[in-house]
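Topology and contacts: notes
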Amino acid sequence: MRFENKVVMVTGGAAGIGRVTAENFAKEGARIAICDINPEAGETAAKALGPEASFEKVDVADSTGVSSWVEGVFEKYGQIDVLVNNAGITRDSLIMRMKEADWDAVIGVNLKSAFNCIKAVSKIMVKQRSGRIINLASVVGVMGNPGQANYVASKAGMIGLTKTVAKELGARGITVNAVAPGFIETDMTEVLSDKVREAMLSMIPLQRAGTPQDVADTITFLASDSAAYITGQVIHVTGGMYM
C-alpha cells in the first residue's frame, strides 16, 4: 500500500489513462479526487474508486474552476500529495486548414490546464514541503506529427513546463516529471484507420500497442517513494518507438 493516506488528484480521470491511473492509486490506499468534463462518466468512475473518492466537473482550461476544485479537495482531505495532469483532447488538421478555435481549445485543455493545476496545487505542496507532480506529455512532443500541430505544440510545451517547474520546486521537496506515451489503445486511437494503425505498429520494436495500464504503472512509480530522486525527467512509454 504505497499510497496509504495519500491524496491524489487526477485531471481527465473519467476514462482512459486517467481512470486506470486513478484505479492504480486507489488500489494502493490513496484517497482520489478526479475531475473531468463528462459528469456522468466522472460520477461512475468516482463510485468505483471507493467511498472516499470524489468527482467534480471542471473545465481545466478555466483557472477559476481549477482553483475552486483544488481548494475544495484540500478542504475535504486536508492535504494534496500527488497531482496527475492527464486531461487532453485532439482537434487534428493540417496547419494551413487548422481553425484558430481548434488551436486554442487544444492548447487550453492540454497545456494551460497543467499551468492552472500546478499553480494552485504548488502553493499547498510548498507549505507541506513535499509533493509529486506528473504531467502527461506524448511521444509526438519530441518527434512531431503531421496534422497535429496544436496537439504536438501542447505536448512539447508540457515537457518544457515540467523541466522548469522541477527546477523551481525541487528545493521544497517536490518532484515534477512527465510521462510521454506512444501508441496507446485508448478512445483517441480507436478512430484511426487500419492503414494508420499498421504504420504506427511498424515503428514499435515491441510490436504491439501500449495499454493505459502500461502508462498508469509508470505514473504511480514516479509518484512513489522509489522515485524520490527523479525529477525533471521525461519517461517515454512507447515500446521503443522513440529511443
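Residues numbered from 1 in each chain as written. Predicted model: local features only at pLDDT ≥ 70, side-chain atom pairs only at ≥ 80, totals over all residues. Heavy atoms only, no water.

1. Digging into helix H4 (residues 100–128)
Its 29 residues place the ends of H4 40 Å apart at the C-alpha level, agreeing with the 42 Å of an ideal helix rising 1.5 Å per residue. Helix geometry: H4 is bent most strongly at Gly-108, by close to 40 degrees. Trailing H4 by a residue or two, Arg-129 shows a phi angle of about 60 degrees, which is positive. (Helix = DSSP H or I, 4+ residues; strand = E, 2+ residues; numbered from the N terminus. Expected span 1.5 Å × (residues − 1). Bend = angle between axes of the 7 residues up to and from the residue.)

2. Considerations on the side chain of Thr-175
By the element assignment, Thr-175 lies in strand S6 (residues 174–181). Beyond its immediate sequence surroundings of up to four residues, Thr-175 is in contact with Gly-131, Arg-132, Ile-133, Ala-228, Ile-230 and Thr-231. (Contact = heavy atoms within 4.5 Å.)

3. With respect to the nonpolar core
Core analysis: the largest hydrophobic core is formed by 46 residues, its most contacted members being Met-9, Trp-69, Val-70, Val-73, Ile-80, Leu-83 and Ile-133. Counting residues per element, the ones that place at least two in this core are strand S1 (7–11), strand S2 (31–36), helix H3 (63–77), H4, helix H6 (149–169) and S6. At 10 residues, H4 tops the list of elements feeding residues into this core. Not counting residues up to four positions away in its chain, the partners in contact with Leu-83 are Met-9, Cys-117, Ile-118, Val-121, Met-125, Arg-132, Ile-133 and Ile-134. If you look at the next biggest cluster of nonpolar residues, it comprises 26 residues, including Phe-3, Ala-45, Val-179 and Ala-223. (Core = buried A, V, L, I, M, F, W, Y, C linked by side-chain atoms within 4.5 Å. Buried < 20%, exposed > 50% of the residue type's maximum accessible area, 1.4 Å probe, protein only.)

4. Remarks on the pairing of strand S5 (residues 131–136)
With six of its six residues buried, S5 lies for the most part within the structure. In S5, alternate side chains face the same way, and those of Gly-131, Ile-133 and Asn-135 on one face and Arg-132, Ile-134 and Leu-136 on the other are all buried. Looking at chain direction, strand S4 (residues 82–85) and S5 are connected through four bridges and run parallel. Bridge assignment links Asn-85 to a residue of S5, and that residue is Asn-135. As a crossover connection, the stretch from S4 through H4 into S5 is right-handed. Where S5 lies against S6, six bridges are found, and the strand directions are parallel. Residue pairing in the sheet places Gly-131 in a bridge with Ile-174 of S6. (Pairing = 2+ DSSP bridges. Right-handed = clockwise from strand over helix to strand, strands pointing away.)

5. Some remarks on H6
Between its terminal C-alpha atoms H6 stretches 30 Å, which fits the 30 Å expected from 21 residues at 1.5 Å a residue. Taken as a whole, H6 has its buried residues at Asn-150, Tyr-151, Val-152, Ser-154, Lys-155, Met-158, Ile-159, Leu-161, Thr-162, Val-165, Ala-166 and Leu-169. Buried-residue contacts for H6 involve S4, H4, S5, helix H5 (140–143), S6 and strand S7 (234–237).

6. What to know about a nonpolar patch on the surface
A cluster of nonpolar side chains, namely Leu-94, Ile-95, Met-96 and Trp-103, defines an oily patch on the protein surface of about 450 Å² accessible area. Note on placement: Leu-94 falls in the loop between S4 and H4. For Leu-94, a relative accessible area of 40% gives the class partly exposed. (Patch = residues over 30% accessible without salt bridge, like charges linked within 9 Å, V, L, I, M, F, W, Y side chains within 5 Å. Areas by Shrake-Rupley, 256 points an atom, 1.4 Å probe, with all protein chains shown as cover. Salt bridge = Lys/Arg side-chain N within 4 Å of Asp/Glu carboxyl O.)

7. Digging into the environment of Asp-59
Along the chain, Asp-59 falls in the loop between strand S3 (54–57) and H3. Owing to a relative accessible area of 40%, Asp-59 belongs among the partly exposed residues under this scheme. When the C-alpha atoms of Asp-59 and Gly-12 are compared, they prove to be 9.8 Å apart, with 47 residues separating the residues in sequence. Ignoring any residue separated from it by four or fewer positions in sequence, one finds Asp-59 in contact with Ile-37 and Val-66.

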